[in-house]
Amino acid sequence: QVQLLESGGGSVQAGGSLRLSCVTSKYDVSRHCMAWFRQAPGKEREGVAAVGGAGDTRYADIAKGRFTISRDTAANTLYLQMNSLNPGDTAAYYCAATRGLCPVSGDDALEEYIYNYWGHGTRVAVSS
């Protein structure tokens, strides 16, 4: 079965950067939609960034200009480069992937319901 394993989280000062990685198994990251979500304590999980099979990307407003989603097809790995972090970015970050072809386009790629595979999350804590 498909497995997703996130890493790269940690504690940083405001203004700092982190690079999250999502290593996949038995999954071709170049053929399906993948995304990063996050969930802060007591809040709903929200989409942060997504990439489609054609390489198109989408970002939530809170991520635009600060975060970059990318993939390494040779390594079947998804990345999220996070810069200019602020305390509001404190959350558990999850890697997600579709089972088949991405069924949506545009901003709908940031909706949780389209994703079938999920990692267990990596924690990010940003202090003032």
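Residues numbered from 1 in each chain as written. Predicted model: local features only at pLDDT ≥ 70, side-chain atom pairs only at ≥ 80, totals over all residues. Heavy atoms only, no water.

Undergrad: A description of the environment of glycine 100 should follow, citing residues and the corresponding values.
TA: Of note, glycine 100 is situated in the loop between β9 (91-97) and β10 (117-118). Residues glycine 100 and glycine 121, spaced 21 residues apart in sequence, show a C-alpha to C-alpha distance of 22 Å. Setting aside its immediate chain neighbours within four residues, glycine 100 contacts His32 and Asn116. (Helix = DSSP H or I, 4+ residues; strand = E, 2+ residues; numbered from the N terminus. Contact = heavy atoms within 4.5 Å.)

Undergrad: Please give an account of the pattern of salt bridges that cites residues and values.
TA: Scanning the entire structure with this criterion turns up five salt bridges. Two residues, aspartate 89 and arginine 38, come together in a salt bridge whose shortest N-O distance is 2.8 Å. Taken together, the residues span a long stretch of sequence, with aspartate 89 in the loop between β8 (77-82) and β9 and arginine 38 in strand β4 (residues 34-39) at a distance of 51 residues. For the pair aspartate 89 and arginine 38, one class covers both residues: buried. When the shortest N-O distance is used, the salt bridge between aspartate 61 and lysine 64 registers 3.2 Å. Exposure class is identical for aspartate 61 and lysine 64. Each is exposed. (Salt bridge = Lys/Arg side-chain N within 4 Å of Asp/Glu carboxyl O. Buried < 20%, exposed > 50% of the residue type's maximum accessible area, 1.4 Å probe, protein only.)

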